[in-house]
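# Close look at the chain arrangement
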Amino acid sequence: MEAWITDWLSQFGYLGVFLLILIENIFPPIPSEVILTLGGFMTTTTTMTRLGIVIASTAGSVGGAAILYWIGTLLDVNRLEKIVQKYGKLLRLTTKDIQKANVWFDKYGVWAVFFGRLVPLVRSLISIPAGMSKMSFGLFLLFTTLGTLIWNTVLVSVGAAVGENWDEIVRYMDIYSNVVYIILAIIGIIFLVWYFKKRN
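Residues numbered from 1 in each chain as written. Predicted model: local features only at pLDDT ≥ 70, side-chain atom pairs only at ≥ 80, totals over all residues. Heavy atoms only, no water.

### Re the nonpolar core
Formed by 18 residues in total, the largest nonpolar core has its most connected members in I5, L9, V17, L36, L38 and M42. Elements supplying a minimum of two residues to this core: α1 (2–26), α2 (32–42), α3 (50–74) and α8 (137–162). If we ignore the near neighbours within four places in the chain, the residues touching V17 are L9, I53, A56 and S57. Residues Y69, A112, F114 and F143 belong to the second largest nonpolar core, which totals twelve residues. (Core = buried A, V, L, I, M, F, W, Y, C linked by side-chain atoms within 4.5 Å. Buried < 20%, exposed > 50% of the residue type's maximum accessible area, 1.4 Å probe, protein only. Helix = DSSP H or I, 4+ residues; strand = E, 2+ residues; numbered from the N terminus. Contact = heavy atoms within 4.5 Å.)

Dropping the structure here:
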């Protein structure tokens with residue numbers, strides 16, 4: 001995959017960065033860590049600049065997030081409540097659970113979007129509940145852009161700083177991602193155990 005990304009960036013430059021990051025936001029398995037750190041390294045061997053890559057990658061991230069936000073608006077709370085009314089017993093969910101989650105997102109949603117952009121996997125998926133809760137699109141774009149800008153700037157800068165050793169950073173980012181996935185899984189399990197105990 002790394003060789004393919006290198007060829008893609010070499011051929012299409014900033015447009016390649018934009019498209020890869022756009023796709024990465026919609027299909028999380030494509031690693032932004034590889035794209036951004038490799039892009040940073042390529043600023044030392046090509047005419048591309050750090051600023052250009054940060055701008056192109058941020059535009060791609062925001063574009064992908066906007067698409068997922070729009071998908072979220074199609075899965076609005078009312079539709080979700082209807083699904084829960086029909087199948088909620090199987091999932092042990094009630095419409096009150098949906099309403100509570102929606103109220104929570106209304107209260108903390110902007111910060112969830114901002115910090116979520118710094119967490120692997122979450123950085124893509126957080127756009128969907130934002131759309132579902134009808135979060136202000138302007139606020140969504142603002143906090144998505146701010147969070148994404150931090151993530152992209154750090155990885156591009158690190159990739160440029162370490163040069164040919166950029167793949168070492170990817171290894172560390174893989175560890176970071178795996179730790180995050182484990183933490184999310186543990187939180188999910190704890191929540192499910194608490195939820196079922198409460199229900200019973």
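Continuing now.
### Observations regarding the packing of aromatic side chains
The tally for this structure, following the rule as stated, stands at eight aromatic pairs. Ring plane angle 35 degrees and centroid distance 6.2 Å describe the contact between W111 and F115, whose orientation is recorded as tilted. Taken as a pair, W111 and F115 lie in helix α5 (residues 95–116) at a separation of four residues, close to a single helical turn. Classification of W111 as partly exposed rests on a relative accessible area of 46%. With centroids separated by 6.5 Å and ring planes inclined at 85 degrees, the aromatic side chains of F114 and F143 adopt a geometry described as edge-to-face. Within this pair, whereas F114 is found in helix α5, its partner F143 is found in helix α8, the two being separated by 29 residues in sequence. Both residues of the pair, F114 and F143, belong to the buried class. Ring pairing ties together the aromatic residues W111, F114, F115 and F143, which thus form one cluster. (Phe/Tyr/Trp six-rings, centres within 6.5 Å; stacked < 30°, edge-to-face > 60°.)

### Overview of a nonpolar patch on the surface
A contiguous nonpolar patch, built from I67, W70, I71, L74 and L75 and spanning about 440 Å² of accessible area, is present on the exposed surface. Here W70 shows up in helix α3. For W70, a relative accessible area of 51% corresponds to the exposed category. (Patch = residues over 30% accessible without salt bridge, like charges linked within 9 Å, V, L, I, M, F, W, Y side chains within 5 Å. Areas by Shrake-Rupley, 256 points an atom, 1.4 Å probe, with all protein chains shown as cover. Salt bridge = Lys/Arg side-chain N within 4 Å of Asp/Glu carboxyl O.)

### Some words on the environment of A65
By the element assignment, A65 lies in helix α3. When its relative accessible area of 0% is taken as the criterion, A65 is described as buried. The contact partners of A65, leaving out residues within four places of it in the chain, are N25, R117, S127, F140 and T144.

Geometric values such as these leave the question of function open.
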